[in-house]
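What the coordinates show
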Amino acid sequence: MKDLIIIGAGGFGREVAWLVERYNKVNPTWKLLGFLDDNESIQGKKMNGYEVLGKTDDASKYSEAYFVCAVGASKTRERIIEHVKQVHPHIKFATIIDPTAEFSEYVTFGEGTIICAHTIITVNISIGSHVIINLDCTIGHDSVLEDFVTLYPSVNLSGATRIKRVAELGTGMQIIQGKTIGEYSILGAGAIVVDDIPPRCTAVGSPARPIK
């Protein structure tokens, strides 16, 4: 069993702890030590049975452990990972995939990525590092998800879509085939993308249009 620490003890962090428990029932791999979280009010407390071991600066105390960042917001997750790498230059990141997720042998995953239950990822797909794909998403052939992308629950990506780094896709949104979402852009819940979305904007609606 390999030691594992989850960065972020919020709602999604607790869901990832449950994911790890589910994975271990099928393939015992991880000894979950607990959480790191910068929230002062929860230091030393237990969250769903796992201790908050300290703050992100304490990552360097666990030289043999693997880490995964369970913070949903893409920009915040990018900032946390960059900080943790500075305080712990030799940090190791786990890739955590729910046992109910389905994907072909022609899918690649980067380090620190989290794939939640009942997601389907088909063929010839590249998923970067520190990506979060939440519950019940589908990703079509030849798609590319770059580093720090977040898909909230029930997102549907048609084939050959490209999601640039640190983009964030809201619950239940859909993208038709061959479209690109620019870096650092945010798509609102339920949006339907029929045209490329430029970088660093927020887009909502059906069809999705930038609003800022």
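These figures come from a predicted structure and were not determined experimentally.

**Topic: the sheet that holds strand β14 (residues 138-139)**
Pairing is parallel across the open sheet formed by six strands, whose spatial order is β8-β11-β14-β17-β20-β23. Both edges of this open sheet fall to β8 (102-103) and β23 (192-193), since each of them pairs with a single strand only. One ladder, built from two bridges, connects β14 with strand β17 (residues 156-157); its direction is parallel. Counted as the bridge partner of Thr138 is Asn156 from β17.

**Focus on the packing of aromatic side chains**
This structure, assessed with the given rule, holds three aromatic pairs. Each ring, one from Phe35 and one from Tyr50, has its centre 6.5 Å from the other, and the planes form 80°; the classification is edge-to-face. Note that Phe35 is positioned in strand β2 (residues 30-36) and Tyr50 in strand β4 (residues 50-54), a separation of 15 residues in sequence. We note that Phe35, like Tyr50, is buried. Ring geometry for Phe103 against Phe109: centres 5.1 Å apart, planes inclined by 80°, an arrangement best described as edge-to-face. Assessed through its relative accessible area of 24%, Phe109 is described here as partly exposed. Taking the ring centre of Trp18 as reference, the NZ or CZ of Arg22 above it sits at 4.8 Å.

Calculation notes
- Residues numbered from 1 in each chain as written.
- Predicted model: local features only at pLDDT ≥ 70, side-chain atom pairs only at ≥ 80, totals over all residues.
- Heavy atoms only, no water.
- Pairing = 2+ DSSP bridges.
- Helix = DSSP H or I, 4+ residues; strand = E, 2+ residues; numbered from the N terminus.
- Phe/Tyr/Trp six-rings, centres within 6.5 Å; stacked < 30°, edge-to-face > 60°.
- Buried < 20%, exposed > 50% of the residue type's maximum accessible area, 1.4 Å probe, protein only.
- Lys NZ or Arg CZ within 6 Å of the ring centre and 35° of its normal.

Bear in mind that shape data such as this cannot, by itself, settle questions of function.
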